[in-house]
Amino acid sequence: MSSRFDRRDFLVLTGSGVVGLGSFSQGGLPPEAQETSPEQPTVLALFSYNGGLYYYDPAGLYIEAGQTVRWSGVGRRGVAAFHPSNDNHELRIPETAKPFDSRTMSATGGAFEWTFEVEGTYDYYSHTHEYLGMVGRIIVGQPGGPGEQPPGYGNRQGRAVMYRDGQLLLNYLKSDEIVRKKRVQAPRELLRREFPWR
């Protein structure tokens, strides 16, 4: 057996350490935040300290109407629908859908759940890291509604200005691709920052 420690071994070990560090710095996920059924769609709130990234993974998710999505690890980062009632954001969920906001609704152990009843496109953001592009998209049944408009359209209506990195990621998340693939991973290289972060 060779005692040689090659680059691949190093990357595997350091990658495992970074994942562990991410869980540790979030305070770890309590058991209730980790337990999900195989059928329940789950989105993780993650970060990569060395890349200056805070992101949801998957960033794009397809579900059927009536399914419940669980966000794990959201903690103080939170999750909220793009909706005027949430910090004056532009409307990016179906007009008849109720907006969600983990700050004002029941969230336990760093996890938040929401049942999607109305078909269409739902865009959401992190309260604390939206400016870093921590946004995501869920397609329920079929794409449609205000979420299909270009990101930032609400600026002309006096809504909160959408951050550049949020626009960049929402433009990347093509609804037809989400429907086809069912899950679109976060494009970490798209938003990666060189240290020192700007």
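Residues numbered from 1 in each chain as written. Predicted model: local features only at pLDDT ≥ 70, side-chain atom pairs only at ≥ 80, totals over all residues. Heavy atoms only, no water.

Examining the sheet that holds strand 3 (residues 60-63)
Two pairing modes exist for strands in a sheet, parallel and antiparallel, and in both the strands are linked by backbone hydrogen bonds. The condition that has to hold: Two strands pair under a simple rule: DSSP has to find at least two bridges between them. Each helix corresponds to a stretch of at least 4 residues labelled H or I by DSSP, and each strand to a stretch of at least 2 residues labelled E; elements are numbered beginning at the N terminus. We call two residues contacting when some pair of their heavy atoms lies within 4.5 Å. To obtain an axis, a line is fitted to C-alpha atoms, over the contacting stretch when the element is a helix, and the angle between two such axes runs from 0 to 180 degrees between their N-to-C directions.
Read from one edge to the other, the open sheet built from 5 strands follows the order 5-7-8-3-9, with strand pairing classed as mixed. If you trace the sheet from one side to the other, it starts and ends with strand 5 (80-81) and strand 9 (183-184), each paired once. Summarising the sheet, strand 3 and strand 8 (residues 135-140) pair through 4 bridges and their orientation is parallel. The residue bridging Ile63 from the neighbouring strand is Val140, located in strand 8. Relative to strand 8, helix 3 (residues 164-172) is tilted by about 30°, and along the sheet it contacts strand 7 (120-125), strand 8 and strand 9.

Things to note about the confidence of the model for the protein chain
As a reminder of what qualifies: Residue-level confidence of the predictor is summarised by pLDDT, bounded by 0 at the bottom and 100 at the top.
Scored by pLDDT, the protein chain has a mean of 82; 76% of the residues are at 70 or more. Low pLDDT, under 50, characterises residues 1-36; the stretch is placed with 25 contacts to residues that sit more than four places away or in other chains.

A closer look at helix 3
The cut-off we apply is this: Working definition: with a 1.4 Å probe on protein chains only, accessible area under 20% of the residue-type maximum means buried, over 50% means exposed, and in between means partly exposed. This arc corresponds to the set of directions leading from the helix axis out to the C-beta atoms.
Of all the residues in helix 3, the buried ones are Asp165, Gly166, Leu169 and Leu170. For helix 3, the arc enclosing every buried residue in end-on projection is 130°, short of the 170-degree limit, so these residues lie on one face. As for helix 3, its buried residues are in contact with strand 7, strand 8 and helix 5 (188-191).

Considering the environment of Gly75
Within the secondary structure layout, Gly75 lies in the loop between strand 4 (68-72) and strand 5. On a C-alpha basis, the gap between Gly75 and Ser102 in space is 9.0 Å, while along the polypeptide they are 27 residues apart.

As for the sheet that holds strand 6 (residues 111-115)
If you trace the 4 strands from one edge of the open sheet to the other, you get 2-1-4-6, paired in mixed fashion. The open sheet has two edge strands with one neighbour each: strand 2 (53-57) and strand 6. For this sheet, the mean inter-axis angle between neighbouring strands, taken without regard to orientation, is 20°. Inspection of the sheet shows strand 1 (residues 42-48) paired to strand 4 by 3 bridges, in the parallel sense. Bridge assignment links Thr42 to a residue of strand 4, and that residue is Arg70.

So, the packing of aromatic side chains
Threshold: Pairing of aromatic rings covers Phe, Tyr and the six-membered ring of Trp, with a centre-to-centre limit of 6.5 Å; geometry is then stacked below 30 degrees between planes, edge-to-face above 60, and tilted otherwise. To sit over a ring, a charge needs its Lys NZ or Arg CZ within 6 Å of the ring centre and within 35 degrees of the ring normal.
Inspection of the entire model under this criterion finds 13 aromatic pairs. Summarising the aromatic geometry, the rings of Phe47 and Tyr54 are spaced 5.7 Å apart at their centres and angled 25° between planes, so their arrangement reads as stacked. Measuring from ring centre to ring centre gives 5.7 Å for Phe100 and Phe116, while their planes differ by 80°; the resulting arrangement is edge-to-face. Of the two residues, Phe100 is situated in the loop between strand 5 and strand 6 and Phe116 in the loop between strand 6 and strand 7; the sequence distance between them amounts to 16 residues. Members of the aromatic cluster, each reached through a chain of ring pairs, are Tyr56, Trp71, Phe100, Phe112, Trp114, Phe116, Tyr122 and Tyr124. When the ring centre of Tyr62 is taken as origin, the NZ or CZ atom of Lys182, which lies over that ring, is 4.3 Å away.

Focus on the environment of Ala186
Tracing the backbone through its elements, the reader meets Ala186 in the loop between strand 9 and helix 5. Relative accessible area serves as the criterion here: at 15%, Ala186 is assigned to the buried category. In the structure, Ala186 is positioned 127 residues away from Ala59 in sequence and 4.8 Å away in space, judged by C-alpha atoms. When near neighbours in sequence (up to four residues on either side) are disregarded, Ala186 contacts Tyr55, Tyr56, Asp57 and Ala59.

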